[in-house]
Every structure is written in structure tokens, then in C-alpha cells.
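Each chain is listed here by its residues.
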Amino acid sequence: MSFDFRALTGFSDSVRHLSFDARVRLVRVETFFGHAEGNMIGIAVSALLFDRVLDSAGVLPMLRLSWMGAVLLLTALMVGYEWRIARQGVRPENVDHLLRVRAGLGLLTGLCCGAGALLMPADAGHFGQSMALLLVVSITTVATLAYAVMPWYYLSLGLGVSLPVIGRLLYLASTQGDVVLVWMAVVGAALTVALFGKGIRNSRWATQAIEANMQLMDEMHERGKAEAALRESEASARELSNLLRMMCDNVPDMIWAKGLDGRYLFANKAMAENLLQASDTDEPVGRNDMYFAQRERARHAETPQWHTFGELCQDTDAVTLQRGAPSIFEESGNVKGNYIVLDVHKAPFIDELGQLIGIVGSARDVTERKQVERELTTYRENLEGLRSEE
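Read on for a plain summary of the structure.

The rules behind the values
Numbers given to residues run from 1 along each chain, matching the order in which its sequence is written. With the structure being a predicted model, the display of local features is reserved for residues of pLDDT at least 70 and the display and counting of side-chain atom pairs for 80 or more, all residues being used for whole-chain, interface and lining totals. Values reported for side chains reflect all heavy atoms of the structure, with hydrogen atoms and water molecules removed beforehand. Within this document, salt bridges are pairs made up of a side-chain nitrogen of Lys or Arg and a carboxyl oxygen of Asp or Glu, the two lying within 4 Å of each other. Secondary structure elements follow DSSP: runs of H or I of four or more residues count as helices, runs of E of two or more count as strands, with numbering from the N terminus. Buried, partly exposed and exposed residues are distinguished by accessible area as a fraction of the type maximum, computed with a 1.4 Å probe on protein chains only: under 20%, between the cut-offs, and over 50%, respectively. Here an axis means a line fitted to C-alpha atoms, over the contact stretch when the element is a helix, while the angle between two N-to-C directions is reported on a 0 to 180 degree scale. Oblique is the label for any angle not covered by the other classes, which are roughly parallel (under 35 degrees), roughly antiparallel (over 145) and roughly perpendicular (65 to 115). Note on convention: near helix rotated counterclockwise from far helix by under a right angle means a left-handed crossing. Clockwise means right-handed. Here, two residues are considered to be in contact whenever any of their heavy atoms come within 4.5 Å of each other. To estimate the expected span of a helix, subtract one from its residue number and multiply by 1.5 Å. Contacts described as polar in this section are N or O atom pairs within 3.5 Å, which, within protein, must combine one atom able to donate a hydrogen with one able to accept it, while residues neighboring in sequence count only if both atoms come from side chains. Two strands qualify as a pair provided that DSSP identifies no fewer than 2 bridges between them. Residues enter patches when they are more than 30% accessible in relative terms and free of salt bridges; like-charged ones are connected within 9 Å and nonpolar ones (Val, Leu, Ile, Met, Phe, Trp, Tyr) within 5 Å. In short, Shrake-Rupley with a 1.4 Å probe defines the accessible areas, and a residue's cover is counted only from the protein chains shown. Here a pair means two rings of Phe, Tyr or Trp (six-membered ring of Trp) with centres within 6.5 Å. Their orientation is stacked below 30 degrees between planes, edge-to-face above 60, and tilted elsewhere. Three residue categories are used. Nonpolar comprises Ala, Val, Leu, Ile, Met, Phe, Trp, Tyr, Cys and Pro, charged comprises Asp, Glu, Lys and Arg, and polar comprises the others, including Gly.

## With respect to the pattern of salt bridges
- Scanning the entire structure with this criterion turns up 23 salt bridges.
- Close ionic contact of Arg64 with Asp55 constitutes a salt bridge, the shortest N to O distance being 3.3 Å.
- In the salt-bridge network here, residues are joined through shared partners; they are Lys258, Asp289, Asp317, Glu331 and Lys346.

## Remarks on unusual backbone geometry
- Backbone geometry at Gln277 places phi at a positive 60 degrees, although glycine is not the residue there.
- Locating Gln277 in the fold gives a position in the loop between helix H8 (269-276) and helix H9 (289-299).
- Its relative accessible area of 16% is what places Gln277 among the buried residues.
- Even without a glycine there, the phi angle at Lys336 is positive, about 55 degrees.
- Positionally, Lys336 belongs in the loop between strand E3 (327-335) and strand E4 (338-350).
- A relative accessible area of 42% means that Lys336 is categorised as partly exposed.

## Things to note about the packing of helix H5 (residues 125-146) against helix H6 (residues 151-176)
- One way to put it is that H5 packs onto H6 with a least axis distance of 8 Å and a crossing angle of 165 degrees. Regarding the angle of H5 to H6, the classification is roughly antiparallel. In this structure, H5 crosses over H6, and the sense of that crossing is left-handed. Residues Gln129, Leu133, Val136, Ile139, Thr140, Ala143 and Thr144 of H5 touch H6, and the partners they reach there are Tyr154, Leu157, Gly158, Val161, Ser162, Val165, Arg168, Leu169 and Leu172.

## Topic: helix H4 (residues 95-115)
- Spanning 21 residues, H4 covers 30 Å between terminal C-alpha atoms, matching the ideal 30 Å at 1.5 Å per step.
- Those residues of H4 that sit buried are Val95, Leu98, Leu99, Arg102, Ala103, Leu105, Gly106, Thr109, Gly110, Cys112, Cys113 and Gly114.

## Here's the deal with the side chain of Glu331
- Of note, Glu331 is situated in strand E3.
- There is a polar contact of 2.6 Å between the side chain of Glu331 and the side chain of Thr316.

## Digging into the side chain of Asn334
- Secondary-structure assignment places Asn334 in strand E3.
- Of the polar contacts made by the side chain of Asn334, one reaches the backbone oxygen of Gln305; its length is 2.8 Å.
- Other than its neighbours up to four places away in sequence, Asn334 contacts Gln305, Trp306, His307, Thr308, Phe309 and Tyr339.

## Remarks on the sheet that holds E4
- One open sheet accounts for 5 strands, arranged E2-E1-E5-E4-E3; its pairing is antiparallel. Strands with a single pairing partner mark the edges of an open sheet, and in this sheet they are strand E2 (264-267) and E3. On average, each strand axis in the sheet is inclined to that of its neighbour by 25 degrees, with strand direction left out of account.
- The strands touched by H8 within the sheet are strand E1 (254-259), E2, E3 and E4, with E1 carrying the most contacts at an inclination of about 90 degrees.

## Some points on a nonpolar patch on the surface
- Taken together, the side chains of Leu170, Val179, Val182, Trp183 and Val186 present a nonpolar region at the surface, about 480 Å² in accessible area.
- For the nonpolar patch, the element with the most residues is helix H7 (residues 179-249), which contributes 4 residues.
- Looking at the element boundaries, Val179 is found in helix H7.

## Structural notes on the packing of aromatic side chains
- Under the criterion given, the structure shown has 7 aromatic pairs.
- Here Tyr291 and Phe292 contribute two aromatic rings whose centre-to-centre distance is 5.0 Å and whose plane-to-plane angle is 90 degrees, an arrangement assigned as edge-to-face.
- A relative accessible area of 1% means that Phe292 is categorised as buried.
- Taken together, Phe32, Phe33, Tyr147, Trp152 and Tyr153 form an aromatic cluster joined through their ring pairs.

## Thoughts on the packing of H4 against H5
- Across the interface, H4 lies against H5 with an axial gap of 9 Å and an inter-helix angle of 160 degrees. Between H4 and H5, the angle is such that the two are roughly antiparallel. Seen from above, H4 lies across H5 with right-handed handedness. On H5, the residues touching Gly110, Cys113 and Gly114 of H4 are Leu135, Val136 and Ile139.
- Looking at side-chain class alone, the contact of H4 with H5 contains 4 nonpolar, 2 polar and no charged residues.

## Observations regarding the environment of Asp21
- Relative to the helices and strands, Asp21 resides in helix H1 (residues 20-32).
- Along the primary structure Asp21 and Ser327 are separated by 306 residues, whereas in three dimensions their C-alpha atoms are 63 Å apart.

Here it is as C-alpha cells:
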């Protein structure tokens, strides 16, 4: 019977708080369940066939029917209990109880079926005794193959049905002096040991397969958490970046950041439009002041004073980096043929590790203010001149 490991409770997120070993055990128990319905058919067919053998050996019909009725009744109870387990589900708090009841029913059913071998009369001959031995070997085979995840279960059932029959063969051999029965007992014991060895190897493989799937799903879960955290972090970073961009683009002052090589890392809308004459805020990234200054001068080669900003910006960058502290400058020059004056604030750009990675700055156009100051100065000088003449 195949299982969808992802559908088992032991692999679900609801039990992820349990230890790795506890979850592996839960999966093993869940894998243990689910075989009763298929085994019921096999047990019923085996019981019917062996009933024919018992009939040919002269076993009383009442005894045979009682044995068959008990086997089928226990099998039906086992199937009904597994249906109940499927409906209510396996959880950490009920798994031990469900396992005890289900394993108890399974052992009773297997032992009851194996007890049919003991109904074989002592004088049934080699054929009858070999059929009895075949019955218990078949039960042991089914148990070791179907319940590989629970070694204690198939070992208990196999020993429970095999030892009485093998012991009986040895007893009959000693009382009847029949060497064939001895060999039958030896073959039965050898087959049982071989089946147990095969079962133990299957158990080891099944446990390793469950652990490997558990580790894989744990890794997938952790990867999913990491990817979700990364997506959340990226979304938060995008939201913060967009917020920062909107804030910077909605202020009239020019704001920028440059690397140590003088190339722009960031420029807001006012900087891109009013000073650099960039097409958008992305164009300055990776370029320096001289790129835009030279581009403007080339576009208006017939007007040498069209754009004179550029060199002075680089000079004050170097001064700020040399000082290693925030600095204030007044920078002036022509932009689009018009003379402007900027009140510039610059500071070293330090990352979270305390490493210098560039320079940040802001600038405000104070051309009108400077013009007013000059006019006031001129007016004051003229006024003082008039007073001195008096």
C-alpha cells in the first residue's frame, strides 16, 4: 500500500514543535495503520483454503467453523478500528492508545489464524503438517512485509505463530520417530529466521526513508520560511525605498548621494531636473557631475557660459572627505544660461559597519535671497553715502 507522505500528520506543520525523533515515530505509526482492509482479503482466502486442508485431514466441522468465525470476526474488528482511526485522525495525544489497540487486534487476529495450524491432527501425514507449516510461514511473511515499520510487531507475531508449530513438529518427530518432520521443523525455523532478517533490513530501510523524507520536508519548510522572510524583507525594502524616493522627490531641495569615486548613487527629482538636466532620477546613477556638465556644454557649444557647474562640486566633495565631518559651502555658477547660487550641505556617507562609502549632500537654491541681500547692501551703502554728504 502506498502513502502520500505529505498527507501524514507527522509531516504536517501542526506537529513541527515536536522533536525530530517524535515526528519520525508518529509517521511510523501512521504507516503501520492502513493494512487491515487488504489483509482481511488475504486472511479470509487463507482461512478458506486451510479449512479445506483441515477438512481433508478429518477435523470436525464445528471446530473448523469456530476457528474460521473467530479469525474473520477479529479481522472485521481490525478493519473497523482502522476505519475509525481514519475518521478521527492520528494526533500526538492519541497515537499511543491507537497503536496499542490496533496492534493488539492485529496480534490476536494473526495468532488466531496461526492457531489453525495446531488443529491439524497428529496423524495427518507429511502433507497436512507441511500445510500447517506453510500457513504460519505465510503469516510471518505477510507480517514482515506489511509491517516493516514496526519490528516488534512482526517479530512478536512471527514468533507467536511459528514457535508452537515448530515445537509441535519436533515433538511429533520424537514420538513418531519421523526424520522428515525434523527436517520440516528445521526448514520452518530457517525460513522464519530468514524472514526476520529480511524484515529487519526492510525496517532499517523504511526508517531511513522516513527520516530522509522528514529531513527533506524540514529543509523545504525552512527554505519556505526563509523565502517568505526574504519576500517580506524585499517588500518592506521596496516600500521603504519608495517612501524615501517620494519624500525626497517632493521636497524642493536637491538631495543626492555619491560613492567614493564621485559617481551618483542617488539623486532626487529636484537634483535631476534643476541641476543635472537628467531625463529622470535613474539616469544620474553611475555617472558623475562632469558627465552632465560636459553634455550640457556640448549641447550649447555656441554659449560657453551656458553651464559652468561641475568642477566646483567635485572640489567641495574632496574637501568634505578630507575633513571627515559635515561641511557647508556656497556654490555658484550658470545652469541653462542663468546664474544660480546654492547653499550646499555635505557630509561623509558612513555605512552600518562604520565604513566610509561616499558622500551625501543637499542643496537649496538661494539665488533670490542673495540678490535681495546684494540689493540691501547696495541700498545701505547708498544711504550711508548720503548721510556722509550731509
